[in-house]
Structure formats: structure tokens, C-alpha cells
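As a plain string of letters, each chain reads:
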Amino acid sequence: MKRRIFCATAALATGLCLGTTAVAQTKWDFATAYPAFNFHSKNNEQFVKDVDAATGGALKITPHFGASLFKMPEIKRAVQTGNAQMGEFFLVSFQNEAQMFGLDGLPFLVKNYEEAYKLYQAQKPHLQKLLDKQGQVLLYSVAWPPQSIYSNKPIRSAADLKGLKWRVYSPTTARIGELVGAQPVTIQEAELSQALATGVIEGLITSSATGADNKLYENLKHFYNVRAWIPKNAVTVNKKAFLALSKEHQQAVLKAAAAAEERGWAESRKVDERSLQVLRDGGMKVEEPSAQLMTDLAKVGETVVQEWADKAGPDGKAVLEAFRTGGK
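Residues numbered from 1 in each chain as written. Predicted model: local features only at pLDDT ≥ 70, side-chain atom pairs only at ≥ 80, totals over all residues. Heavy atoms only, no water.

**Points about the nonpolar core**
Okay, so step 1: In terms of nonpolar packing, the biggest core is built from 83 residues, with Phe47 and Leu139 touching the most fellow members.
Okay, so step 2: The biggest single contributor to this core is helix H10 (residues 291-325), with 11 residues.
Okay, so step 3: Beyond its immediate chain neighbours, meaning those up to four positions away, Phe47 contacts Phe30, Ile61, Met86, Leu139, Tyr140, Val253, Ala256, Ala257, Ala260 and Arg263.
Okay, so step 4: Listed in part, the 14 residues of the second largest apolar core include Tyr150, Ile201, Leu220 and Leu279. (Core = buried A, V, L, I, M, F, W, Y, C linked by side-chain atoms within 4.5 Å. Buried < 20%, exposed > 50% of the residue type's maximum accessible area, 1.4 Å probe, protein only. Helix = DSSP H or I, 4+ residues; strand = E, 2+ residues; numbered from the N terminus. Contact = heavy atoms within 4.5 Å.)

Quick look at the structure:
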């Protein structure tokens with residue numbers, strides 16, 4: 001009798017253990033600084049759903065939008081240290097850490113999405129190597145719409161930017177401000193509306209999407225479609241957290257990441273068109289830049305690209321060569 005009771009108890013315990021194993025989950029936190037309605041955030045949310053489906057719920061990723069987990073400048077470091085398993089950050093903001101992070105913020109190096117993607121393919125191996133050394137795995141990178149000029153006054157040439165309180169978000173935007181004689185002010189996206197409303201900044205260069213999301217038309221009335229560069233966000237995962245997954249689940253994450261990258265680039269194009277219309281509907285004057293302004297900015301761009309290449313060294317020269325020759 002005692003033997004039967006023991007066996008039954010053992011069987012029950014085994015069953016409970018098996019049941020616990022069957023529903024065991026790995027949980028990741030995904031830190032991002034953008035609001036849930038931003039197109040990057042929606043793309044990230046679909047990635048999370050894809051991973052959940054592919055792993056049968058075994059890997060649960062919780063996205064934290066709007067800098068609710070970490071502020072934008074803190075996210076990359078949080079992933080490196082494992083305080084967040086995943087994160088999204090704006091590559092060019094970390095140019096001072098490594099010049100390669102600032103490559104896609106160089107003025108007029110690319111003219112369109114096709115060239116921007118080609119530049120990314122040349123840059124990608126270097127990014128992967130850099131991030132690997134920092135204990136991260138690059139999952140995917142998605143472009144913002146092209147960066148253009150917003151101002152509280154008409155801008156016909158670079159001379160009109162002199163003295164303007166100019167929002168910067170990277171070493172390159174700060175350098176451009178310096179070269180044209182503007183007054184650089186570092187402002188994160190979450191602070192844009194307040195900074196404009198209080199006169200802390202009077203102009204900036206950013207995407208049509210950022211302008212639409214933050215209703216910049218409420219404080220600024222001029223938009224010049226200079227399409228100066230097409231920067232990217234990177235989504236990374238802590239390397240230890242990734243390697244702790246089974247090979248099957250690693251592949252599921254990478255497959256979902258590849259889909260997110262393709263989907264995100266396609267959506268960026270659509271968002272640019274929609275956002276320009278939002279700016280117009282909000283009362284902003286959306287126009288093409290004057291020939292003089294483009295000539296002035298092109299000269300600034302040549303200076304910035306050359307300075308970057310000098311600082312970036314052999315890797316910088318190699319990636320520029322690979323981009324310009326198509327790897328040939």
C-alpha cells in the first residue's frame with residue numbers, strides 16, 4: 001500500500017515538473033524611447049508578436065515605449081550591461097563612442113533609400129563587430145525618413161541659419177550648426193515640443209515623421225525638403241541573453257528580425273509620404289530648397305564627410321570604398 005502511495009506521489013511530482021517545464025518562459029524587456037504610435041514602435045511590436053508565435057510563447061518580450069524604462073541616451077548602455085535584454089537606439093547619437101555609428105548621418109552621402117540601404121550593407125559588418133565587442137547582437141536596423149530643415153523663418157541660404165537656435169542630436173548635427181554659425185542646443189525627441197514652445201530652439205533638421213509625430217507645425221511654419229541624410233535606428237539584444245536561448249529559438253529571433261528589417265524599410269518610405277501631408281495639413285509650408293541653399297549645404301557636407309573619414313581611419317575608408325564601388 002505504501003509503495004503504491006509512494007509511486008502515485010512520485011508520478012504526480014513528475015507530472016508537475018513536466019508541466020512546469022512545458023510552460024517555462026524566458027522573459028525579456030525591450031527598451032525604446034519612441035511613442036507606441038511611431039512607425040518604429042509598431043514595427044517592433046510586430047517583431048515581438050512574431051517571436052512569441054515562433055517560440056510558442058516560450059520567449060516573451062515586453063516592449064517599453066516612450067522612454068518608460070530607460071531614457072534614450074541610456075538604452076544602449078542598458079542592453080550592454082543586461083539591465084534590459086533588448087533595446088532600440090539612434091545610431092548617430094553614439095558617433096563619439098565610435099565613428100562607425102555616425103556613418104549614416106553624414107550629409108549628402110546618399111540621395112535616396114536605395115543608396116541608404118546600399119550604405120547600410122557596407123556598414124553592417126562593422127556595426128556587428130563593434131556591437132559584438134560591447135556584448136550585443138545586432139538584430140535589425142531600420143531607416144528614418146530623410147532629414148530635412150524646419151525653421152521659424154524662411155531659409156534661402158546657409159547664411160539665414162546663422163544665429164538660429166539649432167537643435168542637435170549627434171556630433172554631426174552639432175558640427176553642421178557650427179559650420180553655418182547656428183547656436184547648437186542638445187534636445188532629445190521627447191523634449192522637442194516644449195523646447196519649441198518656450199523658444200529654446202528655433203530650427204532643426206529631422207525627419208518628416210518626427211515632425212508629424214511631434215506636431216512641429218504648431219510652432220514652426222517652414223519645412224525645406226533637403227533630404228540631407230537617411231539615418232537609422234538599431235535594435236540590439238544582450239549577447240549573453242541571446243546565447244542563453246536554444247539554437248531553435250535563436251533562429252526564430254533572427255528570422256523575425258530579418259522580417260522586421262525588411263518591413264521597417266518599406267514602411268519608412270510610406271511614412272515619409274504620409275508625414276509630409278500631415279505637415280501640410282497642419283499649416284506648414286513644405287517646399288523644395290533653393291539652389292543656393294543646396295549649394296551651401298553641399299559644401300558643408302563635403303567638409304563633414306572628410307572630417308569623419310579622417311577620424312574613422314582604415315575602417316571608415318574601407319566602408320566608404322565598399323559603398324562607392326558596390327563591393328567591387
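Resuming the write-up.
**Quick look at the pattern of salt bridges**
Side chains carrying opposite charge are able to pair once their charged atoms draw close together.
Okay, so step 1: Evaluated as defined, the whole model comprises 13 salt bridges.
Okay, so step 2: When the shortest N-O distance is used, the salt bridge between Glu261 and Lys124 registers 3.7 Å. Of the two residues, Glu261 sits in helix H9 (residues 247-281) while Lys124 sits in helix H4 (residues 113-133), which places them 137 residues apart along the sequence.
Okay, so step 3: Relative accessible area serves as the criterion here: at 7%, Glu261 is assigned to the buried category.
Okay, so step 4: Judged by relative accessible area, Lys124 falls into the partly exposed class, the value being 22%.
Okay, so step 5: A salt bridge links Arg175 to Glu178; the nearest nitrogen and oxygen atoms lie 2.8 Å apart. A residue pair is termed a helical-turn pair when its members lie 3 or 4 positions apart in one helix, as Arg175 and Glu178 do in helix H5 (residues 171-180) at 3 residues. (Salt bridge = Lys/Arg side-chain N within 4 Å of Asp/Glu carboxyl O.)

**Quick look at the sheet that holds strand S4 (residues 136-143)**
Okay, so step 1: Here we have 5 strands laid out as an open sheet, ordered S2-S1-S3-S10-S4, and mixed in their pairing. The two strands at the open ends of the sheet, each matched to only one other strand, are strand S2 (59-64) and S4. Each adjacent strand pair in this sheet contributes to an overall mean axis angle of 20°, direction not counted.
Okay, so step 2: Across 2 bridges, strand S1 (residues 26-31) lies against strand S3 (residues 86-90) in parallel orientation. What sits directly across from Ala31, in S3, is Gly87. (Pairing = 2+ DSSP bridges. Axes fitted to C-alpha atoms, helices over the stretch in contact; angles between N-to-C directions.)

**Considerations on the side chain of Ser151**
Okay, so step 1: The residue Ser151 is located in strand S5 (residues 147-151) in this model.
Okay, so step 2: In terms of polar contacts, Ser151 uses its side chain to reach the backbone carbonyl oxygen of Lys153, at 2.8 Å. (Polar contact = N/O pair within 3.5 Å; in protein donor to acceptor, adjacent residues only side chain to side chain.)

**Describing the environment of Gln121**
Okay, so step 1: Tracing the sequence through the fold places Gln121 in helix H4.
Okay, so step 2: Measuring from C-alpha to C-alpha, the distance between Gln121 and Gly326 comes to 9.4 Å, with 205 residues separating the pair along the chain.

**Some details on unusual backbone geometry**
Okay, so step 1: Unusually for a residue other than glycine, Ala67 sits at a positive phi of about 60°.
Okay, so step 2: When you line up the elements, Ala67 lands in the loop between S2 and helix H3 (72-81).
Okay, so step 3: Residues other than glycine seldom take positive phi values, yet Arg227 does so here, at roughly 45°.

**Quick notes on the packing of aromatic side chains**
Centre-to-centre distance and the angle between the planes together describe a pair of aromatic rings.
Okay, so step 1: A full pass over the atoms with the stated rule returns 11 aromatic pairs.
Okay, so step 2: Aromatic side chains Phe39 and Trp144 sit 5.8 Å apart centroid to centroid with 90° between the ring planes, which places their arrangement in the edge-to-face category. Note that Phe39 is positioned in helix H2 (residues 39-54) and Trp144 in the loop between S4 and S5, a separation of 105 residues in sequence.
Okay, so step 3: A relative accessible area of 3% places Trp144 in the buried class.
Okay, so step 4: Connected via pairs of aromatic rings, a cluster forms that spans Tyr34, Phe39, Phe90, Trp144 and Tyr169.
Okay, so step 5: Directly above the ring of Phe89 sits Lys76, whose terminal nitrogen or CZ lies 6.0 Å from the centroid. (Phe/Tyr/Trp six-rings, centres within 6.5 Å; stacked < 30°, edge-to-face > 60°. Lys NZ or Arg CZ within 6 Å of the ring centre and 35° of its normal.)

**Structural notes on the packing of H5 against H10**
Okay, so step 1: Look at H5 against H10: their axes get within 10 Å of each other, and the N-to-C directions meet at 135°. The orientation of H5 with respect to H10, classified from their angle, is oblique. Where H5 crosses over H10, the two elements pack in a sense that is right-handed. Facing Thr172, Arg175, Ile176, Leu179 and Val180 of H5, the residues of H10 in contact are Val300, Thr303, Val304 and Glu307.
Okay, so step 2: Residues that form the contact of H5 with H10 fall into these classes: 5 nonpolar, 2 polar and 2 charged. (Parallel < 35°, antiparallel > 145°, perpendicular 65-115°, else oblique. Left-handed = near helix turned anticlockwise from the far one by under 90°. Nonpolar A, V, L, I, M, F, W, Y, C, P; charged D, E, K, R; others polar.)

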